[in-house]
Amino acid sequence: FHTPGHLIEAVNRAMRDGHNTYGPSPGIESARVAVAEEYTRNGFPISPDRVFITAGTSEGIELTLGAVIEQGDEVLVPMPTYPLYTAVLAKLDARTKYYRLDPSRGWMPDLDHLRSLVTPATRAMVVIDPNNPTGAVYSVETRRALIDFAEQHGLLILADEVYGDLGFDGPVDPYGRLDYDAPIISFSSLSK
């Protein structure tokens, strides 16, 4: 594919206008404002200072895990899963504890199995919803149960919501909309 002319011109214009140095670590302010406005329109009001732009969701996931997980910590990860989580956790010398997604129930999380996995070393729970690779979209009741579970056990929720705009029945609400005060880090993407 050839790069479209309007993109080439935008890059040339940005360079001529002096926008060719390192950007601010949390991301360009106008992009952070746009993301905050989008979340607010979707019923999860946040301010731009709570938005961090990365060079892809994978970088955001790796930065987050590196910041909050230490050697020997445990993270609950759905199975089947998106393999980036397990690779980053292995690099950090942390332990992945897989919780089952039940194919007989439309790939919903097995909450009883999830409860059996928590130990004093458990720090976070990954929730991929809509799920990659199963395509499952969790019910509101299941989502609330996951949030309640995380709060009960003092766990950070890493909400991988990259496919949120691609739910089979339309866009899927962000987890933060269900509980503004829950410890949730939401990952999303412009590329999907």
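Located above this text is the structure these notes cover.
Residues numbered from 1 in each chain as written. Predicted model: local features only at pLDDT ≥ 70, side-chain atom pairs only at ≥ 80, totals over all residues. Heavy atoms only, no water.

Participant: Could you clarify how one ought to interpret helix 3 (residues 57–68) in this entry?
Facilitator: Along an α-helix, residues three or four positions apart point the same way, because every turn accommodates 3.6 residues. With twelve residues, helix 3 should reach 16 Å at 1.5 Å per residue; the first-to-last C-alpha distance of 17 Å fits that figure. Buried within helix 3 we find T57, G60, I61, T64 and L65. The buried residues of helix 3 occupy an angular sector of 125 degrees when projected down its axis, which confines them to one face. Contacts made by the buried residues of helix 3 are with helix 4 (84–91), strand 5 (156–160) and strand 6 (184–187). (Helix = DSSP H or I, 4+ residues; strand = E, 2+ residues; numbered from the N terminus. Expected span 1.5 Å × (residues − 1). Buried < 20%, exposed > 50% of the residue type's maximum accessible area, 1.4 Å probe, protein only. Arc of directions from axis to C-beta. Contact = heavy atoms within 4.5 Å.)

Participant: I'm lost on the packing of aromatic side chains in this one. Help?
Facilitator: What characterises a pair of aromatic rings is the spacing of the ring centres plus the angle enclosed by the ring planes. By the definition in use, this model includes three aromatic pairs. Between Y39 and F44, the ring centres sit 5.8 Å apart and the planes meet at 70 degrees, which makes this aromatic pair edge-to-face. Classification of Y39 as buried rests on a relative accessible area of 13%. Judged by its relative accessible area of 7%, F44 falls in the buried class. For the pair F44 and Y180, a centre-to-centre distance of 6.1 Å together with 15 degrees between the ring planes defines the contact as stacked. Highlighted residues: F44 in the loop between helix 2 (29–41) and helix 3 and Y180 in the loop between strand 5 and strand 6, separated in sequence by 136 residues. (Phe/Tyr/Trp six-rings, centres within 6.5 Å; stacked < 30°, edge-to-face > 60°.)

Participant: For this particular structure, what's the right way to read the pairing of strand 2 (residues 95–102)?
Facilitator: Each regular strand displays side chains that alternate between the two surfaces of the sheet. Of the strand pairs in this sheet, strand 1 (residues 74–79) and strand 2 are connected by six bridges, and their pairing is parallel. If you follow E74 over to strand 2, its bridge partner there is R95. Crossover strand 1 to strand 2 through helix 4 is right-handed. One ladder, built from two bridges, connects strand 2 with strand 3 (residues 108–109); its direction is antiparallel. Counterpart to D102 in the pairing with strand 3 is M108. (Pairing = 2+ DSSP bridges. Right-handed = clockwise from strand over helix to strand, strands pointing away.)

Participant: Honestly, the pattern of salt bridges in this entry has me stumped. Any pointers?
Facilitator: Any two side chains of opposite charge can pair, on the condition that their charged atoms come close. Summed over all chains, the structure comprises 13 salt bridges. The salt bridge involving E74 is made with K97; its shortest N-O contact spans 3.6 Å. Of the two residues, E74 is situated in strand 1 and K97 in strand 2; the sequence distance between them amounts to 23 residues. On the accessibility criterion, K97 (19% relative accessible area) is buried. Among the charged side chains, a salt-bridge network with shared partners connects E9, R13 and R16. (Salt bridge = Lys/Arg side-chain N within 4 Å of Asp/Glu carboxyl O.)

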